[in-house]
Amino acid sequence: MAEQLARDLWRLEIPLEGSPLKTLNSYLIRGERNLLIDTGFRWPSCRQAMERQLAELGVKPHQLSAILLTHEHSDHVSGLRVFTKKAGAPIYATPPTCREWYRKNQCDQVKDLFQPLEAGAGTQIGALWVESFPTPHDAAGSVGWSIAGEGGRMVLCTDLGHI
């Protein structure tokens, strides 16, 4: 079940059957523009859990305005290939994350949706200003995201080995 963390910010808890991790998290910013942060594994059970929680929140995959990636590790991005077939939304990630994802997956349909942003760069998505910042992690181009708009700001970091 999706958990509301703040106004318009939801944590999507994706169960990992048979994994010592037990769950992974994706995040949804719901509003005028719907932004999904990380897509998780491509396992059918993960995809179904993601789609079920989005549906609970009244968001269909094709209603996503953008997908933001924190880094290229499979527990954050391997669901991208399956999910983008339904969503078709632009994917924002650092150039190293884009390159690593493509090197591992070789899917032109997804590659064409990438909108590479250098760490520290930002872009406007509707009324939201989305800006990445580098994070310490053992992944190519790992970033956190700062998202500001409508009088508020949220900052999200994942998999920090240290601060």
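Residues numbered from 1 in each chain as written. Predicted model: local features only at pLDDT ≥ 70, side-chain atom pairs only at ≥ 80, totals over all residues. Heavy atoms only, no water.

Asker: Sorry, what's going on with empty space enclosed by the protein here?
Answerer: A water-sized probe, rolled over the atoms, reveals where empty space remains. Across all of its chains, the model carries 1 cavity of 30 Å³ or more by this definition. Computed from the structure, the largest cavity encloses a volume of approximately 40 Å³. Surrounding the largest cavity, Thr-39, Phe-41, Cys-46, Arg-47, Met-50, Gly-79 and Phe-83 form its lining. Considered class by class, the residues forming the lining of the largest cavity number 4 nonpolar, 2 polar and 1 charged. (1 Å grid on protein atoms, 1.4 Å probe; cavity = no way out; pocket = protein on both sides within 12 Å on 5 of 7 lines; lining within 4 Å. Points joined across faces, edges and corners; volume = space filled by probe spheres on them. Nonpolar A, V, L, I, M, F, W, Y, C, P; charged D, E, K, R; others polar.)

Asker: For this particular structure, what's the right way to read the layout of surface pockets?
Answerer: Its boundaries defined by the atoms lining it, the largest pocket holds a volume of some 290 Å³. Mapped by element, the contributors of at least two residues to the lining of the largest pocket are strand S10 (143-149) and strand S11 (152-156). Residue composition of the lining of the largest pocket, grouped by class: 8 nonpolar, 3 polar and 7 charged. (Helix = DSSP H or I, 4+ residues; strand = E, 2+ residues; numbered from the N terminus.)

Asker: Would you mind going over the environment of Gln-53 with me for this structure?
Answerer: Structurally, Gln-53 is set in helix H1 (residues 44-56). Judged by its relative accessible area of 0%, Gln-53 is buried. Here the alpha-carbon distance between Gln-53 and Ala-89, two residues 36 residues apart in the chain, equals 18 Å. Setting aside chain neighbours within four positions, we find Gln-53 in contact with Met-1, Ala-2, Arg-11, Leu-12, Glu-13 and Ile-14. (Buried < 20%, exposed > 50% of the residue type's maximum accessible area, 1.4 Å probe, protein only. Contact = heavy atoms within 4.5 Å.)

Asker: Teacher, can you tell me more about helix H4 (residues 95-105) here?
Answerer: Structural remark: α-helix, 3.6 residues per turn; residues separated by three or four positions point the same way. If you check which residues of H4 are buried, you get Pro-95, Thr-97, Cys-98, Trp-101, Tyr-102 and Asn-105. Here the buried residues of H4 occupy an arc of 165 degrees about the axis, which is enough to place them on one side. Exposed side chains of H4 directed beyond 90 degrees from the buried face belong to Arg-99 and Arg-103. (Arc of directions from axis to C-beta.)

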